[in-house]
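# A structural walkthrough
One letter stands for each residue in the lines below.
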Amino acid sequence: MAANAGRRLLQHYVDNFRHLPWRSPPGEAPPDPYRVWLSEVMLQQTTVAAVAPRFERFVSRWPTVGALAQAPEAEVLGEWAGLGYYARARNLIACAREVATRGRFPTDEPGLRTLPGIGEYTAAAIAAIAFGRDTSPVDANVERVIARVHGLPTTERAPIRARFAEMAPPGRCGDFVQAMMDLGATICRPRAPLCAQCPLSEGCAAFASGSPESFPQRKPKQPRPLRFGVAHWIERDAAVWLVRRPAKGLLGGMAALPGDDWSGPDAPANAMTQVTHVFTHFELRLSVVAKAEPEGEGWWHPIADLGGAGLPTLYRKAAGALMAKRASLAAAA
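In this text, all values refer to a predicted model and were calculated from it rather than measured experimentally.

## Brief notes about the domain arrangement of the protein chain
Split into domains, the protein chain comes out as domain 1 (1-141 + 167-184) and domain 2 (226-332). One C-alpha centre belongs to domain 1, the other to domain 2; they are set 33 Å apart. At the interface, eight residues of domain 1 touch 13 residues of domain 2. Approximately 740 Å² of surface area, both sides summed, lies buried where domain 1 meets domain 2, with 57% of it carried by carbon and sulfur atoms.

Set out below in structure tokens:
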């Protein structure tokens, strides 16, 4: 049953695969490992729709791992702005430099895991997709598909990987895992799965149950604590003072408005505007407060060109809210 299901899924992939800039068509030579690695890092916690145009821009600027290894860190962080989870960008730079020193990417899963920022899933995915290794790359889409097909109530890693290995046709793991990813993203969705279009519905335990959405069981979401912070708006001659955040910690190394450590007890009364931003483990309400003199090491950046400052989403949102408020006040005057 497992082998037949694997063959059906591969044929469905051949007929329906998504054309993505980091992929090779099914059955053709594997893509450049640099492109596979870069796409896997970008896709962590970020949608394909958001990543695809940014990937194209990134590889246009740094077409090889060697070119990326030589790039100034500030430029790479600026190019990453808006993709979130900025530790990924710092690991990306470290990994590119390590690969350039070695001369090439390792070709197997254990070797890939020795590189900075590459964990179990990413190593398995690169080994399978770029080097044709028979590994078991298991992401959230793969977990959901396998849990539903086999009627598994949870997504514990060991049984999921074992089932994946049973289903994957030998020598076709790269295409197979991408077929699983596509199926999970487009058909076997978390909500309202399109079971009538699924090549695995025959023999799928979740489909047979009549309640496919109940597999796997969802973990209850934990409430995020609320934190308050201040960003200082320091303006002079149509420019605003920007600083670079400390290398370690949230938004490490990114351009930013200067401010506090986001541990205030409440929002200040003199805020020019306030924005809310959700991080993985907490929700932040950031107040923008005017200040006269520059603070910390930084630079003046033209307000008209803030889009090119490499600000992460939080600070772009704060600056945008302030500009919108100014425009509204000017229109009402």
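## Observations regarding the layout of surface pockets
Reported here for the largest pocket is a volume of approximately 1700 Å³. The set of elements that each furnish at least two residues to the lining of the largest pocket consists of α2 (33-43), α8 (120-131), α9 (140-150) and α11 (173-186). With five residues, the top contributor of residues to the lining of the largest pocket is α9. Grouping the amino acids of the lining of the largest pocket by side-chain chemistry returns 18 nonpolar, 14 polar and 14 charged.

## A word on helix α3 (residues 48-61)
Under the 1.5 Å per step criterion, the end-to-end length of α3 is 20 Å for 14 residues, consistent within 8% with the ideal 20 Å. All of the buried residues along α3 are Val51, Ala52, Arg54, Phe55, Phe58 and Val59. Contact partners of the buried residues in α3: α2, α4 (65-69), α5 (73-80) and α6 (87-102).

## As for the UniProt feature "domain: HhH-GPD" (unreviewed entry) in the protein chain
Under the present numbering, the feature "domain: HhH-GPD" (unreviewed entry) in UniProt falls on residues 42-186. Helix makes up 67% of residues 42-186 and strand 0%, with an end-to-end C-alpha separation of 19 Å.

## Overview of empty space enclosed by the protein
For the structure shown, the criterion picks out one cavity of 30 Å³ or more. The space that makes up the largest cavity amounts to roughly 110 Å³. Lining the largest cavity are 15 residues, with Arg148, Cys188, Cys195, Cys198 and Cys204 sitting closest to its centre. If one sorts the elements of the lining of the largest cavity by residue count, α9 sits on top with three residues. Of the residues that constitute the lining of the largest cavity, the class distribution is 13 nonpolar, one polar and one charged.

Thresholds, definitions, all that
- Residues numbered from 1 in each chain as written.
- Predicted model: local features only at pLDDT ≥ 70, side-chain atom pairs only at ≥ 80, totals over all residues.
- Heavy atoms only, no water.
- Domains from an automatic or database assignment.
- Contact = heavy atoms within 4.5 Å.
- Buried area = accessible area lost by both parts, 1.4 Å probe.
- 1 Å grid on protein atoms, 1.4 Å probe; cavity = no way out; pocket = protein on both sides within 12 Å on 5 of 7 lines; lining within 4 Å.
- Points joined across faces, edges and corners; volume = space filled by probe spheres on them.
- Helix = DSSP H or I, 4+ residues; strand = E, 2+ residues; numbered from the N terminus.
- Nonpolar A, V, L, I, M, F, W, Y, C, P; charged D, E, K, R; others polar.
- Expected span 1.5 Å × (residues − 1).
- Buried < 20%, exposed > 50% of the residue type's maximum accessible area, 1.4 Å probe, protein only.
- UniProt positions renumbered as here; feature names shortened; annotations may be inferred.

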